[in-house]
Amino acid sequence: MKHNSSNIDEFLHLLRALVREPSVVGVEDAFFRVLRRELEEYPVRVERYHGLLVAQGAEPDSIYLSAHVDRHGLLCTGPNEFQYAAFIAGNRGELTGDSVSEQFMELVAGRFDGQRVQAHTPYAGSYCGQGQITRSYVCPRRRNLIFELDGLEFLQPGFPVSFLDRLRVDQNLVSAQLDNVVCVAMLIELIRCGFQGTALFTAGEEAGRSWRFAVEWFQRHDIQTDRLVVLDTSPFSTLDEVAKQEVVLRNRDSMATFDEPLTDQLLGLCERLKIRHRFKDRYVELLNLDREKPLSIGRTELGRIITATDGIVRGTTLQLPTTSYHTASETAEATSIAAMLRLLRNLCGLPDPW
């Protein structure tokens, strides 16, 4: 599928600006303020809750789209001591060892050496300085990634440290720490184009907490729906695997079966719009046929929401295929981004410029 270069360029301009804003998991307040400022440019009602920002158009019950705002980073936990923020002791209660993130921990441990980082104050997000990761390793006793930094020895416990991130565009490849700021940008783009439903921006997904904030919001307002679509990135091992599909669908995760009619609606749109797609659960099941240790099909935000509400709130997922997952070089194809935006526009009844 060819994309309209002017439309994708406008989207990438927005994404480039958002990528520069820190949003370390568990310390997302400053990013929420940036996001709110952006959303209040448009005719939607914006409300902030604990762990959640909600933007609603004139038909809020027509469809619910969700994307998490947090990204991976470090947290100062002691004198010149830095840990992977998602897996610090305070977040451990939400993680049980079978998430894709936890299974990736050993794999990504050495990827960060030499990575530039920047520190910010916990709530205001004021810039504190830059440093560089000199070593990263898994501590078997704390079951976490531990980082040694040069240049940020003065930080106090509780200060977030984000990867110094800049969007890079090389022909059809778009790289940054895309998970999940790319989907946040997609929701803003939809709102800019007249989206009338409800957009949920959740915190703490990488620590397994975002579903709680979403569930509480639905329960607070006594909302039942089968029209929730959770947006995210989906990791693949190589660029060749990424190129085999433009979007990723799911029938289920390890927690729940997704809403079949809504999943079928996305599938039908993919076929009508000639968008190449793959079901991630089926893909993992096929991989596991040849593996001694099976891969997890993952515990997603949506699966937890469906389980926690006994199916009163349900829906499906739509994901962007990427590689170099959970690094500052996570990469997607621009054509995939354009395809996912086009699919969402058609799902939401918005004009399709492609």
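Here the structure is a predicted model, which is why all the values come from computation and not from measurement.

A.B. asks: Just checking my understanding: could you explain the pairing of strand 12 (residues 198–202) for this structure?
C.D. replies: One face of the sheet, then the other: side chains in a regular strand alternate in exactly this way. Most of strand 12 sits out of view: five of its five residues are buried. By the bridge criterion, five bridges tie strand 2 (residues 52–56) to strand 12 in an arrangement that is antiparallel. Counted as the bridge partner of Leu-53 is Phe-201 from strand 12. Bridge analysis of strand 3 (residues 64–68) against strand 12 gives five bridges, and the strand direction is parallel. Residue pairing across strands places Leu-65 opposite Ala-199, the latter belonging to strand 12.

A.B. asks: I'm lost on the packing of helix 6 (residues 210–220) against helix 10 (residues 301–308) in this one. Help?
C.D. replies: A pair of packed helices is characterised by two quantities: the angle between their axes and the separation of those axes. Close contact between helix 6 and helix 10 brings their axes to 9 Å; oriented N to C, the two are set at 45°. Comparing their axes, helix 10 and helix 6 come out oblique. Taken as a pair, helix 6 and helix 10 cross one another with a handedness that is right-handed. Between helix 6, through Ser-210, Trp-211, Ala-214 and Val-215, and helix 10, the contact on the second element is made entirely by Glu-301, Arg-304, Ile-305 and Ala-308. Considering only residue class, the contact of helix 6 with helix 10 consists of five nonpolar, one polar and two charged.

A.B. asks: Explain the pattern of salt bridges to me, please; I cannot follow it from the model alone.
C.D. replies: Tallying each qualifying case throughout the model produces 16 salt bridges. Glu-47 serves as the salt-bridge partner of Arg-45, at 4.0 Å between the closest nitrogen and oxygen. Given a relative accessible area of 51%, Arg-45 falls into the exposed group. Here Glu-47 falls in the partly exposed class, since its relative accessible area comes to 26%. For Asp-226, the salt bridge is made with Arg-314, and the minimal N-O distance between the two is 3.9 Å. Of the two residues, Asp-226 sits in strand 13 (residues 225–235) while Arg-314 sits in strand 16 (residues 313–322), which places them 88 residues apart along the sequence. Residue class for Asp-226 comes out partly exposed when judged on its relative accessible area of 31%. According to the relative accessible area criterion, Arg-314 is partly exposed, its value standing at 32%. Connected through salt bridges with shared partners, the residues Glu-10, Glu-189, Arg-192 and Arg-345 form a single ionic network.

A.B. asks: Please explain the sheet that holds strand 17 (residues 330–333) as it appears in this structure.
C.D. replies: Strands in a sheet are paired, the pairing made by backbone hydrogen bonds, and the direction either parallel or antiparallel. The strand order 10-11-17 describes an open sheet built from three strands, whose pairing is antiparallel. Only two strands of the sheet have a single neighbouring strand rather than two, namely strand 10 (168–170) and strand 17. Taking the axes of each pair of neighbouring strands and ignoring which way they run, one obtains an average angle of 20° across the sheet. Contacts from helix 11 (residues 334–347) reach strand 11 (173–176) and strand 17 within the one sheet, and its direction differs from that of strand 17 by about 65°.

A.B. asks: When you look at the packing of aromatic side chains in this model, what are you seeing that I'm missing?
C.D. replies: Two descriptors summarise a pair of aromatic rings, namely the distance from one centre to the other and the angle between the planes of the rings. One pass over the full model with this rule turns up nine aromatic pairs. Taken together, a centroid distance of 6.1 Å and an interplanar angle of 55° make the contact between Tyr-84 and Phe-112 tilted. Here Tyr-84 is found in strand 5 (residues 81–84), whereas its partner Phe-112 is found in the loop between helix 4 (105–108) and strand 6 (116–120), with 28 residues between them in sequence. Overall, the relative accessible area of 2% leaves Tyr-84 in the buried class. Taking the centre distance of 6.1 Å and the plane angle of 35° together, the rings of Tyr-84 and Phe-147 count as tilted. Highlighted residues: Tyr-84 in strand 5 and Phe-147 in strand 8 (residues 144–150), separated in sequence by 63 residues.

The rules we used
- Residues numbered from 1 in each chain as written.
- Predicted model: local features only at pLDDT ≥ 70, side-chain atom pairs only at ≥ 80, totals over all residues.
- Heavy atoms only, no water.
- Buried < 20%, exposed > 50% of the residue type's maximum accessible area, 1.4 Å probe, protein only.
- Helix = DSSP H or I, 4+ residues; strand = E, 2+ residues; numbered from the N terminus.
- Pairing = 2+ DSSP bridges.
- Axes fitted to C-alpha atoms, helices over the stretch in contact; angles between N-to-C directions.
- Parallel < 35°, antiparallel > 145°, perpendicular 65-115°, else oblique.
- Left-handed = near helix turned anticlockwise from the far one by under 90°.
- Contact = heavy atoms within 4.5 Å.
- Nonpolar A, V, L, I, M, F, W, Y, C, P; charged D, E, K, R; others polar.
- Salt bridge = Lys/Arg side-chain N within 4 Å of Asp/Glu carboxyl O.
- Phe/Tyr/Trp six-rings, centres within 6.5 Å; stacked < 30°, edge-to-face > 60°.

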